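# Observations on chain architecture
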Amino acid sequence: MMKQHQQHQQCKDCQCIGGTCKFNVTLGRCHCQCQDFVFGDVCSFGKNDTPVHIDTGAIPTRKANITLTIQITFQPAFNDLSSPQSLEFIEKLERELEGLCKEADPETFKKVQVIKLSSGSVVAESVAEYIYPNNETQIQFVNTQLDGVLFNILNDTSNLKNISQAFNSTVQLNGFTFQLPEITNITDLKPFVNCSQFANYTAEISNGLWQCTGPCKTNPDYCHQHGECVNNIYKGPLCRCFESSLEQFYGPQCDLFRRGPGFYGALFGSLAAALLLLIIIVIAVIVKKRHMDVWRNNSYNRRLSAFEEDFFDFSDTGDHNLGFAGAYTSKVLGHS
C-alpha cells in the first residue's frame, strides 16, 4: 500500500503534454505514454498528419423516411406519442427497425425514430438517420448506394415477417424515400473540421479524408534545409539545426551559419603543413646550392693545376723542334 502511494506521488509531478503518465516498475520512475500521433519525452511533438476534430453533432445526416402498416387496432392513445401505450408500441417497433437499418451500413447508422402513429390499422412513420463520416468513399456510399441497400432489406419478406411476429400481425412496407443529401462530398465537411487543438496545424484533405497537417509539412523549407523541423503541438514549428565539427547552422530557422572548430583546426593544420613543406624546400635548395658551389670550385682547381703542370714543365725530355726548318744539333762550343 505504501509502495502504491509512493508511485502515485512520483507520477503526480510527471508532466505529459500529449499523453499520460505511467509508472515503470523496471525503471522505478514514471514515463510518458504518448498517443499514437504524438511523440517525445513529454509527448510534445506531433506527427505531420494527425486526426481532425469533427463536430459530428452539427453535421447534417442522411435521412430515410419509412412507412409501415401494421394490421392491429388503432388506439386513441396512439395520438399521443408520449402515452404509455404509444411508448410501448414505439419501443417494440424501433427495436425491430434498428437491427434492419443498422444492417444496411453499421458504420454510419445513427438511429431510427418513430415520429407519427396514425389510424388505418396502425400506420407508423419513422425516420432512419445515417451520419456522414470523414471518408469520401463512405460519403459516396451513403449518397448513392445506401438507399438501394436499405430498401432491399426492409422489403425482404423474411425481415417483414420478423416484425409481424413481434406484433402478432401482418406488416407491410408502404412508403420509403430518402431525403436529398445535404453533404455531397468530403469538401462539404470543412465547416465542421477543427485543428485548433494543435498549434499552427491546418485542415487538409489527404487520401480521401480530412487530416490536421503540421506546419513542418505545409512549409517544408521552414528550416532552410539546414535542420530537422518538428511540430511542437503547443508552440508551433521548431528547428533542430544540423552541425558538425566543420560547420554549424543556428538560429530559430537555421538561417545562420558559422564555421565549426574542426574547420579552423583543419585550416591552421593545412597552413602549418604548407609552411613546413616550404621551409624544407628552401633548406633543400640552399644545401644543394652550396654542394654545387663546392663541386664547381674543386673541379676548377683540378683543371687549373693540370694546366700549370703541362704548361710550365721545362724538363728535358728530348729534342724539341720549335717549328724551324732543317735539322739542328747541339754541340759544345770550344775555344780554338
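Look up a bit, the structure's there.
Summary of the structure given here. (Residues numbered from 1 in each chain as written. Predicted model: local features only at pLDDT ≥ 70, side-chain atom pairs only at ≥ 80, totals over all residues. Heavy atoms only, no water.)

Another point: the overall build of the protein. When you go through the protein residue by residue, the secondary structure sums to 7 helices and 17 strands. Going through the 336 residues of the protein one by one, you find that 31% of them count as buried. Taking the contacts inside the protein whose residues are at least 6 apart along the sequence as the reference set, 54% of them involve residues at least 24 apart. Total accessible area on the protein is roughly 22500 Å²; 54% of this is exposed by carbon and sulfur atoms. (Helix = DSSP H or I, 4+ residues; strand = E, 2+ residues; numbered from the N terminus. Buried < 20%, exposed > 50% of the residue type's maximum accessible area, 1.4 Å probe, protein only. Contact = heavy atoms within 4.5 Å. Areas by Shrake-Rupley, 256 points an atom, 1.4 Å probe, with all protein chains shown as cover.)

What follows is about the nonpolar core. Within the largest apolar cluster, 54 residues are counted, with the highest numbers of intra-cluster contacts made by Leu 68, Phe 89, Leu 93 and Leu 150. Sort the elements by how many residues they give to this core and helix 2 (residues 84–104) lands first, with 7 residues. Excluding residues within four positions of it along the chain, Leu 93 makes contact with Leu 68, Ile 70, Val 114, Ala 124, Ser 126, Ile 163 and Phe 167. (Core = buried A, V, L, I, M, F, W, Y, C linked by side-chain atoms within 4.5 Å.)

This brings us to the packing of aromatic side chains. Evaluation of the coordinates by the stated rule reveals 10 aromatic pairs. Here the aromatic rings of Phe 74 and Phe 78 are separated by 5.6 Å at their centres, their planes lie at 75°, and the arrangement is edge-to-face. With a centroid separation of 5.2 Å and an interplanar angle of 50°, the aromatic rings of Phe 249 and Phe 257 are classed as tilted. Exposure remark for Phe 249: the relative accessible area of 16% places this residue in the buried category. Given a relative accessible area of 39%, Phe 257 falls into the partly exposed group. Connected via pairs of aromatic rings, a cluster forms that spans Phe 74, Phe 78, Phe 89 and Phe 167. It is Arg 240 that lies over the ring of Phe 45; its NZ or CZ is 5.0 Å from the centre. (Phe/Tyr/Trp six-rings, centres within 6.5 Å; stacked < 30°, edge-to-face > 60°. Lys NZ or Arg CZ within 6 Å of the ring centre and 35° of its normal.)

Attention now moves to the pairing of strand 12 (residues 202–206). Here strand 12 pairs with strand 13 (residues 209–213) via 5 bridges, running antiparallel. Across the sheet, Ile 205 pairs through a bridge with Trp 210, a residue of strand 13. Counted between consecutive antiparallel strands, the loop separating strand 12 from strand 13 contains 2 residues, among which Asn 207 sits at a positive phi close to 55°. (Pairing = 2+ DSSP bridges.)

Okay, the environment of Asn 231 next. Of note, Asn 231 is situated in strand 14 (residues 227–232). Between the alpha carbons of Asn 231 and Lys 217 there is a distance of 9.1 Å; along the sequence they are 14 residues apart. Setting aside anything within four residues of it in sequence, one finds Asn 231 in contact with Ser 44, Phe 45, Gly 46, Lys 47, Asn 48, Tyr 201, Gly 214, Pro 215, Cys 216 and Gly 236. A polar contact is formed between the side chain of Asn 231 and the side chain of Asn 48, at a distance of 3.0 Å. (Polar contact = N/O pair within 3.5 Å; in protein donor to acceptor, adjacent residues only side chain to side chain.)

It is worth spelling out the pattern of salt bridges at this point. Under the defined criterion, the tally for this structure stands at 3 salt bridges. The residue Lys 217 makes a salt bridge to Asp 49 at a minimum N-O spacing of 2.8 Å. Note that Lys 217 is positioned in helix 6 (residues 215–218) and Asp 49 in strand 5 (residues 49–51), a separation of 168 residues in sequence. With relative accessibility at 39%, the residue Lys 217 sits in the partly exposed group. Across the salt bridge formed by Arg 240 and Glu 228, the nearest N and O atoms sit 4.0 Å from each other. In this pair, Arg 240 is assigned in strand 15 (residues 236–241) and Glu 228 in strand 14, connecting sequence segments 12 residues apart. With relative accessibility at 40%, the residue Arg 240 sits in the partly exposed group. (Salt bridge = Lys/Arg side-chain N within 4 Å of Asp/Glu carboxyl O.)

If you trace the 4 strands from one edge of the open sheet to the other, you get 8-9-7-10, paired in antiparallel fashion. Each end of this open sheet is capped by a strand with a single partner; those strands are strand 8 (109–119) and strand 10 (171–178). Across the sheet, the mean angle separating the axes of adjacent strands is 20° when strand polarity is ignored. Two strands pair when backbone bridges link them, and strand 8 and strand 9 (residues 122–130) are joined in this way by 9 bridges, in the antiparallel orientation. Bridge assignment links Ser 119 to a residue of strand 9, and that residue is Val 122. Relative to the sheet, helix 5 (residues 157–167) contacts strand 7 (62–70) and strand 10, its axis offset from that of strand 10 by approximately 125°. (Axes fitted to C-alpha atoms, helices over the stretch in contact; angles between N-to-C directions.)

Looking now at the packing of helix 3 (residues 136–144) against helix 4 (residues 146–154). Between two packed helices, the angle of one axis relative to the other and the distance separating the axes together describe the packing. Packing of helix 3 against helix 4 brings their axes to within 4 Å, and their N-to-C directions diverge by 55°. Taken as axis vectors, helix 3 and helix 4 run oblique relative to one another. Packed against helix 3, whose contacting residues are Phe 141, Val 142 and Thr 144, the element helix 4 presents Leu 146, Asp 147 and Val 149 at the interface. A breakdown of the residues in the contact of helix 3 with helix 4 according to their chemical character gives 4 nonpolar, 1 polar and 1 charged. (Parallel < 35°, antiparallel > 145°, perpendicular 65-115°, else oblique. Nonpolar A, V, L, I, M, F, W, Y, C, P; charged D, E, K, R; others polar.)

Interhelical geometry of helix 2 versus helix 5 gives an angle of 160° and a closest axis separation of 11 Å. As judged from the angle between their axes, helix 2 and helix 5 are roughly antiparallel. Crossing of helix 2 against helix 5: the hand is right-handed. Every residue of helix 5 that contacts helix 2 at Phe 89, Lys 92, Leu 93, Glu 96, Leu 97 and Leu 100 is listed here: Asn 159, Asn 162, Ile 163, Ala 166 and Phe 167. Residue classes in the contact of helix 2 with helix 5 are distributed as 7 nonpolar, 2 polar and 2 charged. (Left-handed = near helix turned anticlockwise from the far one by under 90°.)

The next point concerns unusual backbone geometry. Located in the positive-phi region is Asn 168, a residue other than glycine, with phi close to 55°. With respect to the helices, strands and loops of the structure, Asn 168 is situated in the loop between helix 5 and strand 10. For His 224, which is not glycine, the phi torsion reads 55° and is therefore positive. As for its placement among the helices and strands, His 224 is situated in the loop between helix 6 and strand 14.

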